[in-house]
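What follows is each chain in one-letter form.
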Amino acid sequence: MDNISVSTTDVRIERHANQLSRQLKLLRDKLFPPLSQKTLRTFSSGEAAQMIGVSDGYLRQLSLDGKGPQPDLAQNGRRSYTLGQINELRQYMAKLKPKDALSYQPWRRPGEKLQTVAVTNFKGGSAKTTTTLYLAQYLALAGYRVLAIDLDPQASLSSMLGVQPEFDLSEGDTLYGAIRYDAGRKPLKEIVRKTYFDGLDLVPGNLELMEFEHETPRALNDRQRPGELFFRRVGIAIAEVEADYDIVVIDCPPQLGYLTLGAVCAATSLLITIHPQMVDVASMSQFLLMTSDLLSVVRRAGGDLQHDFIKYVVTRHEPFDAPQSQIVALLRSLFSDDVLTATILKSTAIADVGLTKQTLYEIEKGQVRRSTYDRALESVNAANGEVLAGIHKAWGRA
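Here the structure is a predicted model, which means the values were calculated and not measured.

### A short note on the pattern of salt bridges
Part 1: A full pass over the atoms with the stated rule returns 17 salt bridges.
Part 2: Measuring nitrogen to oxygen at the nearest pair gives 3.7 Å for the salt bridge that ties Glu 171 to Arg 180.
Part 3: Residue classification places Glu 171 among the exposed residues on the basis of a relative accessible area of 63%.
Part 4: By relative accessible area, Arg 180 is classed as buried at 10%.
Part 5: Note that Arg 180 is salt-bridged to Asp 182, the shortest N-O span being 2.7 Å.
Part 6: Beyond isolated ion pairs, a larger network of salt bridges with shared partners links Lys 128, Asp 152 and Asp 251.

### Remarks on the sheet that holds strand β2 (residues 72-73)
Part 1: Reading across from one edge, β1-β3-β2 is the order of the three strands in this open sheet, with antiparallel pairing throughout. Each having just a single partner strand, β1 (43-44) and β2 make up the two edges of the open sheet.
Part 2: Sheet topology note: the β1/strand β3 (residues 79-81) ladder contains two bridges and is antiparallel. Bridging from a neighbouring strand, Ser 44 pairs with Ser 80 of β3.

### Comments concerning the domain arrangement of the protein
Reports of interface size often rely on the accessible area that becomes lost once the parts have come together.
Part 1: By the assigned domains, the protein splits into domain 1 (43-104) and domain 2 (115-395).
Part 2: Using C-alpha coordinates to define each centre, domain 1 is positioned 32 Å away from domain 2.
Part 3: Taken together, the contact pairs seven residues of domain 1 with eight residues of domain 2.
Part 4: Together domain 1 and domain 2 conceal approximately 500 Å² of surface at their shared face, both sides included; 56% is due to carbon and sulfur atoms.
Part 5: When the buried area of domain 1 at its contact with domain 2 is split by residue, Leu 83, Asn 87 and Arg 90 rank highest and sum to 62% of it.

### A short note on the nonpolar core
Part 1: With 62 residues, the main nonpolar core has Leu 59, Leu 139 and Leu 360 as its most contacted residues.
Part 2: Counting residues per element, this core draws most heavily on helix α16 (residues 370-395), which supplies nine residues.
Part 3: Among the domains, domain 1 (43-104) and domain 2 (115-395) are the pair contributing at least three residues each to this core.
Part 4: Sequence-distant contacts of Leu 360, that is, excluding residues within four places in its chain, are made with Tyr 134, Ala 349, Ile 350, Val 353, Tyr 373, Ala 376 and Leu 377.
Part 5: Ile 191, Val 241, Ala 263 and Val 264 belong to the second largest nonpolar core, which has 49 residues in total.

### Digging into the packing of aromatic side chains
Part 1: Summed over all chains, the structure comprises eight aromatic pairs.
Part 2: Considering the side-chain rings of Tyr 181 and Phe 212, the 5.5 Å spacing of their centres and the 5° angle between planes classify their relative orientation as stacked. Remark: Phe 212 occurs in helix α10 (residues 210-221) and Tyr 181 occurs in the loop between α9 (176-179) and β6 (193-194); sequence separation between them is 31 residues. Comparing Tyr 181 with Phe 212, the two get one shared label, buried.
Part 3: Within the aromatic cluster, the residues linked to one another by ring pairs are Tyr 134, Tyr 138 and Tyr 361.
Part 4: Taking NZ or CZ as reference, Lys 97 lies 5.4 Å from the ring centre of Tyr 58, over its face.
Part 5: Sitting above the plane of the Trp 107 ring, Arg 145 keeps its charged end 4.3 Å from the centroid.

### Considering the environment of Ala 267
Part 1: As for its position among the elements, Ala 267 is in the loop between α12 (258-266) and β9 (269-274).
Part 2: Taking C-alpha positions, Ala 267 is 7.4 Å from Gln 115, a pair spaced 152 residues apart along the chain.
Part 3: If we ignore the near neighbours within four places in the chain, the residues touching Ala 267 are Thr 116, Ala 118, Gln 306 and His 307.

Calculation notes
Residues numbered from 1 in each chain as written. Predicted model: local features only at pLDDT ≥ 70, side-chain atom pairs only at ≥ 80, totals over all residues. Heavy atoms only, no water. Salt bridge = Lys/Arg side-chain N within 4 Å of Asp/Glu carboxyl O. Buried < 20%, exposed > 50% of the residue type's maximum accessible area, 1.4 Å probe, protein only. Pairing = 2+ DSSP bridges. Helix = DSSP H or I, 4+ residues; strand = E, 2+ residues; numbered from the N terminus. Domains from an automatic or database assignment. Contact = heavy atoms within 4.5 Å. Buried area = accessible area lost by both parts, 1.4 Å probe. Core = buried A, V, L, I, M, F, W, Y, C linked by side-chain atoms within 4.5 Å. Phe/Tyr/Trp six-rings, centres within 6.5 Å; stacked < 30°, edge-to-face > 60°. Lys NZ or Arg CZ within 6 Å of the ring centre and 35° of its normal.

If you want it as structure tokens, here you go:
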């Protein structure tokens, strides 16, 4: 027998993790030099006018009159605006025409409660993070003050929003820092960070979030330990920054643990993503049964489970695939209006831009084939528009 030592599994996995981590850092430094930061493209005058709700000619006249933020002027005379400038123009128009202020600056008004949307499904591959990301960016582009919370320890949402969890975060820089049970707990305001997307802030995630899953059973057993029960802690943390936002969007982890239950209890509405494949639908059936059982226990313990709406979002949909069409028809027959009318299409455009950590909202139209871009963006906008309509209904808006 030879003398070659065989590594134990934990040592081997640790070695693989370190090798991959080093390679990712090298790749990151190559693509994103240490001092560089992710930025958002500027928007043409026509795009800005459409987003604000005025004509391009009116926007041009404002610029000529020196009113509002001044756009960047290219050599060919074309004007472009940053998202920050577009939001400044929204505020300018709201003050200029107070009777129409809501159409220009749609922030929630007194009496309209903070809307918290939890996006959940405990099976991977249902495009949960993509759905969360596109919804958060859609709402920010529409002029709302949005907070995205990454509760997934894999932290894909954080990466897409310009934060590298492995390198950019220290202890306590995730939501765990605001919901932990010991003296290390800190206010959520100290954890929230701005993103390159004006109007969209982020509470990033990383593997630290798993500590909440490990600590909660001990906290439940320790009756001497003061503090709120686990299912209230996420909501209490969010309430600390309630005045700063209109809508909170939470990317839940792909398992039905304490973090997910806390997010569901904190939420005012739920989005359940579903890939229209039979194995995914069967998985969702088990997810719903388990969720129902666990939430009934939480409700009896005092958890708030009143949601303004619960919607199923069909994702990665291939409308010309007959089996998928049958499954979508089944979902609609069972859940009726609880299934969004719009489905998010499976698209090479969404997948391709995702490889460079971008979304369709971030790229220039010419970066992908126009017909593919338009079709994918139309499906995403339609689904997000339905979610926003549900939020408006909860606020009592027409």
